[in-house]
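# Report on the structure
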Amino acid sequence: MKIDMRDAFFSRLVERASADRDIVILSDDHGAFALNDFALQFPKQYINIGIAEQNMIGVAAGLALSGKKVFVYGITPFVSLRVLEHLMLDVAAMQLPVNIISVGVGFTYSTDGPTHHGLNDLAAVRSIPGIGILNSSDPENTGEFVDLVLRSGSPHYIRIEKEALAPFAKVENFDTRIQDGFSVLSSSSEKLLFVSTGRISHDVKVVCERLEKEFGIVAGLIDVQRIKPFPSEKICNLISRTNTIITVEEGYSSGLYTSVATLVAESGCKAAIHGIDVREEFVFHGNSREKLLAKYGLDVDSIFNSTLNFIKK
């Protein structure tokens, strides 16, 4: 059953807030169904700051200094790029328990243009010392993120989807947990390994199934949920067994691809690495998310065809 990813996150937060009145949510006048439920149940633990994101980070830092466990919610570019300096100095430098909930990654707000596209937030936030980055791909890990960051007590940037997604079926012989930072969604092979993150992992899983059905090519698939600190050691054990690695992400290559390419270089892995991602340009086209993904080679058919070309080379 598909579950709205925002509801998966905020429903778990409602459960935790009922037992912990130090949990506080700030929003920049941006809503969600389950967030409205939180505001109704815990009106003293919810503050709508309004469209003033930089101020919101400052307020979040002040609340955290007073002992609160703070969650900040807004659209991806507005709670990453717009507040980057405040996030770095007010939150990360002081190691405060402030968690940024970023919704609208990639082309989610496709028709709103480059002001609303979440294509380079990973690169920006990755550059900040001392902040963890989580990227959800199904309802299970989305809900588990809440408990993970509350246990951590350190700052996190959490990317969640705006739409409903189904839970992933994990590969039985790979016992990975949310603390590991990734899941194995298709058994690894010596020929080809995909590394993806977020919603697009669902499409890559379809590509894996097509490759095996149509060409007999068995491809592995790793879905990375912890972008920073990157789960290098355990993923290294998987990439060392393969000849070709393909990263897939709904963003610029400065996100996941950079992390994986660095790992490949530093580990001495001999695998060829290719990235399927958004060409680095401003996207002004007012199309649907699906049409933009197709335009930039990130729909299922395009990923499938690009993979065949990489294998031929």
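Residues numbered from 1 in each chain as written. Predicted model: local features only at pLDDT ≥ 70, side-chain atom pairs only at ≥ 80, totals over all residues. Heavy atoms only, no water.

### Some points on the overall build of the protein
Across its full length, the protein holds eleven helices and 14 strands. Against the compact-globule benchmark of 20 Å for 313 residues, the protein has a radius of gyration of 19 Å, which places it among compact chains. A burial count over the protein gives 56% of its 313 residues as buried. At a minimum sequence separation of 6, the contacts of the protein that also span at least 24 residues come to 76%. Carbon and sulfur atoms make up 51% of the accessible area of the protein, which totals about 13,000 Å². Here the protein contributes 31 positively and 38 negatively charged side chains, and the mean placements of these two sets differ by 2 Å. (Helix = DSSP H or I, 4+ residues; strand = E, 2+ residues; numbered from the N terminus. Rg over C-alpha atoms; globule rule 2.2 N^0.38 Å. Buried < 20%, exposed > 50% of the residue type's maximum accessible area, 1.4 Å probe, protein only. Contact = heavy atoms within 4.5 Å. Areas by Shrake-Rupley, 256 points an atom, 1.4 Å probe, with all protein chains shown as cover. Lys, Arg positive; Asp, Glu negative; His and termini not counted. Charge placed at Lys NZ, Arg CZ, Asp CG, Glu CD.)

### Points about the packing of helix H7 (residues 200-215) against helix H11 (residues 300-312)
Taken N-terminus to C-terminus, the directions of H7 and H11 make an angle of 55°; their axes are 9 Å apart at the nearest point. When the interaxial angle is binned, H7 and H11 end up oblique. As H7 packs across H11, the resulting crossing turns out to be right-handed. On H11, the residues touching Ile200, Asp203, Val206, Val207, Arg210, Leu211, Glu214 and Phe215 of H7 are Val300, Asp301, Ile303, Phe304, Thr307 and Leu308. Of the residues that constitute the contact of H7 with H11, the class distribution is nine nonpolar, one polar and four charged. (Axes fitted to C-alpha atoms, helices over the stretch in contact; angles between N-to-C directions. Parallel < 35°, antiparallel > 145°, perpendicular 65-115°, else oblique. Left-handed = near helix turned anticlockwise from the far one by under 90°. Nonpolar A, V, L, I, M, F, W, Y, C, P; charged D, E, K, R; others polar.)

### Focus: helix H1 (residues 5-19)
Taking 1.5 Å of rise per residue, the 15 residues of H1 would be expected to cover 21 Å, and the 22 Å separating its terminal C-alpha atoms lies within 8% of that figure. Those residues of H1 that sit buried are Met5, Arg6, Ala8, Phe9, Phe10, Leu13, Val14 and Ala17. For H1, the N-terminal cap is Asp4; the gap from its side-chain oxygen to the backbone nitrogen of Arg6 is 2.8 Å. (Expected span 1.5 Å × (residues − 1). Polar contact = N/O pair within 3.5 Å; in protein donor to acceptor, adjacent residues only side chain to side chain.)

### Some points on the pattern of salt bridges
Under the definition given, this model contains 16 salt bridges. A salt bridge links Lys68 to Asp22, with the shortest nitrogen-to-oxygen separation between them at 3.3 Å. Of this pair, Lys68 sits in the loop between helix H3 (53-65) and strand S4 (69-75) while Asp22 sits in the loop between H1 and strand S2 (23-27); the two residues are 46 residues apart in sequence, bridging distant segments of the chain. When its relative accessible area of 31% is taken as the criterion, Asp22 is described as partly exposed. Among the ionic pairs, Arg289 bridges to Glu250, the shortest N-O distance being 3.0 Å. In this pair, Arg289 sits in helix H10 (residues 289-295) while Glu250 sits in the loop between strand S13 (244-248) and helix H9 (256-267), placing the two residues 39 residues apart along the sequence. (Salt bridge = Lys/Arg side-chain N within 4 Å of Asp/Glu carboxyl O.)

### Quick notes on the side chain of Arg159
Tracing the sequence through the fold places Arg159 in strand S7 (residues 156-160). Polar side-chain contacts of Arg159 include one of 3.3 Å to the side chain of Asn135. Here Arg159 is in contact with Ser102, Val105, Gly106, Gly118, Asp121, Leu122, Leu134, Asn135 and Ser136, once residues within four sequence places are set aside.

### Considering the environment of Ile100
Checked against the element boundaries, Ile100 lands in strand S5 (residues 98-103). For the pair Ile100 and Thr76, spaced 24 residues apart in sequence, the C-alpha to C-alpha distance is 9.5 Å.

### Quick look at the sheet that holds strand S11 (residues 219-224)
What the five strands build is an open sheet, ordered S9-S11-S10-S13-S14; its pairing is mixed. Strands at the two margins of the open sheet, each flanked by one partner only, are strand S9 (182-186) and strand S14 (272-276). Neighbour to neighbour, the strand axes of the sheet diverge by 20° on average, direction disregarded. Relative to S11, strand S10 (residues 192-196) runs parallel, the two being bridged by five bridges. Bridge pairing in S11 places Ser196 opposite Asp223. (Pairing = 2+ DSSP bridges.)

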